[in-house]
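Chain and residue survey
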Amino acid sequence: MPLLRPLRIPQNAKNNLRVMFIAKHAKSSGDRHQIDGNHATYHHEIGSVLGGIFANLTICNQFEELFEKPEVDFIFSLLNRGGFLNSEMLAPLLATRHGIPFLGASPILRGLADDKHLMKMAARYRGVPTADWQIFRRGAPIEPITAWSADRYVAKPNASSASWGVAAARSWDELRAEIDRIHDEGHDALVEPFLRGIDVELPVFGREGAEILPIMTFEHDPDVLRTYGEKRGFEDSGARLVPMVEGPLADELRAYTRKLIPELWPFDYGRFEFRVNRDTGEVHFLEVNLQANIWSKRVIGQSAALAGLSHPDLIETIVCHSLVRQGLVRAEDVRAG
């Protein structure tokens, strides 16, 4: 794709807007966390980048900072995994209650994207290939799956991120035990067949409309279930993040992503994930993550670099798009480059 020019926030907005950055590890030193791993490094990096953009930046790390209306003009929240079900929606809901513009999408769209079951339903409605699945909500009856079967099942919290809580099972007894475990941990359970293949990621961000960045693939053993430990940097699975070669498959994946974007637009950035079986050519939609990880070393940061955007350029462009669409900055005052 042609190299992109970053959007520049007008200097008066950089000087005068009061911005809050809120994330679990926003006040950390940047060292890896014993549970969240490199997420602490990521949050520290984003805070440093925002500090280089805005003169008036407040850094917070807990929802309580939003219980009373803060004296800020814009909220950049990465406080997503709050330790309870559907915590992705709380910061956007509190910001909405206070009438403060914030990065991302509306609370209801954050909830849709976070609920893997509902997003798979939306994908099927849009004609995007999606493997069979079954949702097991807490408190509802747990009955064996009869509509479809698989040699190998995957059970996961329906609103998990970074493969947290994911497990494989070969039989109904094993699967039932994993469903019970997930329910006991306070989450709804999603069950789907294990799909042989590699993970393919399509980053999307708001610039002049929804822009699809270069497609990235995780080169890994197609028969291995990827884990939280790998994605948080606790273990090395050998997976390598590399750009996808352009061709019909890349065009197909972009077409599917364009079908899904209207279900969630407007948003400021996200990552659409597919599983691709290179032996058969099969493609299946897996999930979408609005407000996905934008650490410089992860998918979106690496993809943006291929499009000619440095990490600070990427962050400024995403925030600039959000400020314009919410009326804090006039579009005619924004320049590119």
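In every chain, residue numbers begin from 1 and rise along the written sequence. In keeping with the model being predicted, local features are shown solely for residues with a pLDDT of at least 70 and side-chain atom pairs are shown and tallied solely at 80 or more, while totals for entire chains, interfaces and linings include all residues. As a rule here, side-chain values come from all non-hydrogen atoms in the structure, and water together with hydrogens is ignored.

**A short note on the pattern of salt bridges**
Salt bridge, as applied in this entry: a Lys or Arg side-chain nitrogen positioned within 4 Å of an Asp or Glu carboxyl oxygen. Under the definition given, this model contains 28 salt bridges. The salt bridge partner of Glu192 is Lys156, with a shortest N-O separation of 2.6 Å. Here Glu192 is found in strand E8 (residues 189-193), whereas its partner Lys156 is found in strand E6 (residues 153-157), with 36 residues between them in sequence. For the salt bridge of Asp279 with Arg196, the shortest nitrogen-to-oxygen distance reads 2.7 Å. Here Asp279, found in the loop between strand E13 (269-276) and strand E14 (283-290), pairs with Arg196, found in the loop between E8 and strand E9 (198-206); they are 83 residues apart in sequence, far enough to count as distant. Among the residues examined, Arg196 registers a relative accessible area of 35% and is labelled partly exposed. Helix numbers and strand numbers start at the N terminus; a helix is a DSSP run of H or I with at least 4 residues, a strand a run of E with at least 2. Type-normalised accessible area, obtained with a 1.4 Å probe on protein chains alone, sets the label of each residue: buried when under 20%, exposed when over 50%, and partly exposed for intermediate values.

**Some thoughts on the sheet that holds E6**
Here, any two strands with at least 2 DSSP bridges between them count as paired. Strands sit in the order E5-E8-E6-E7 across an open sheet of four strands; the sheet is antiparallel. Two strands close off the open sheet at either side, each with one partner strand: strand E5 (134-136) and strand E7 (167-169). Adjacent strand axes in the sheet meet at a mean angle of 25 degrees, parallel and antiparallel pairs treated alike. With three bridges connecting them, E6 and E7 associate as antiparallel partners. Residue pairing in the sheet places Tyr153 in a bridge with Ala169 of E7. In this analysis an axis means a line fitted to C-alpha atoms, helices contributing only their contacting stretch, and an angle means the value between N-to-C directions, from 0 to 180 degrees.

**Points about empty space enclosed by the protein**
With a 1 Å grid laid over protein atoms only, a set of points is called a cavity when a 1.4 Å probe fits there but cannot get out and a pocket when it is open yet has protein on both sides within 12 Å along at least five of seven lines; lining residues have an atom within 4 Å of a point. Grid points are joined across faces, edges and corners, and a volume is the space filled by probe spheres set on the points. Across all of its chains, the model carries two cavities of 30 Å³ or more by this definition. For the largest cavity, the calculated volume is near 100 Å³. Forming the walls of the largest cavity are 11 residues, and the residues nearest its centre are Glu88, Ala113, Asp114, Val288 and Asn289. Put simply, the parts of the chain that give the lining of the largest cavity at least two residues each are helix H4 (107-114) and E14.

**Section: the sheet that holds strand E3 (residues 56-60)**
Read across the open sheet, the three strands follow the order E3-E2-E4; overall the sheet is parallel. At either margin of the open sheet sits one strand with a lone partner, and together these are E3 and strand E4 (74-77). Each strand of the sheet is rotated relative to its neighbour by a mean of 20 degrees, with strand direction disregarded. As judged from the five bridges shared by strand E2 (residues 18-22) and E3, these two strands associate in the parallel manner. Paired with Met20 across the strands is Thr58, a residue of E3.

**A short note on the environment of Leu213**
As for its placement among the helices and strands, Leu213 is situated in the loop between strand E10 (210-212) and strand E11 (216-219). Leu213 gets classed as buried once you look at its relative accessible area, which sits at 1%. Each C-alpha atom of the pair Leu213 and Arg254 lies 9.8 Å from the other, and the pair is 41 residues apart in sequence.

**As for the pairing of E13**
Of all eight residues that make up E13, eight are buried, and the element is covered over most of its length. Burial of E13 is two-sided: the residues Tyr269, Arg271, Glu273 and Arg275 facing one way and the residues Gly270, Phe272, Phe274 and Val276 facing the other way are all buried. Across eight bridges, E9 lies against E13 in antiparallel orientation. Residue Pro203 lies in a different strand from E13, and its bridge partner there is Arg271. A loop of six residues connects E13 with E14, the two strands running antiparallel in sequence, and Gly281 in this loop sits at a positive phi of about 80 degrees.

**Remarks on the environment of Pro107**
Position of Pro107 among the secondary structure elements: in helix H4. Between the C-alpha atoms of Pro107 and Pro92, which are 15 residues apart in sequence, the distance is 5.4 Å.

**Examining the environment of Leu79**
Structurally, Leu79 is set in the loop between E4 and helix H3 (90-98). A relative accessible area of 5% places Leu79 in the buried class. Sequence-wise, Leu79 and His25 are 54 residues apart; in three dimensions their C-alpha atoms are separated by 8.8 Å. Whether two residues are in contact is decided by their heavy atoms: any pair within 4.5 Å suffices. Not counting the four nearest positions on each side in its chain, Leu79 is found in contact with Ile22, Ala23, Lys24, Asn61, Gln62, Phe63 and Ser87.

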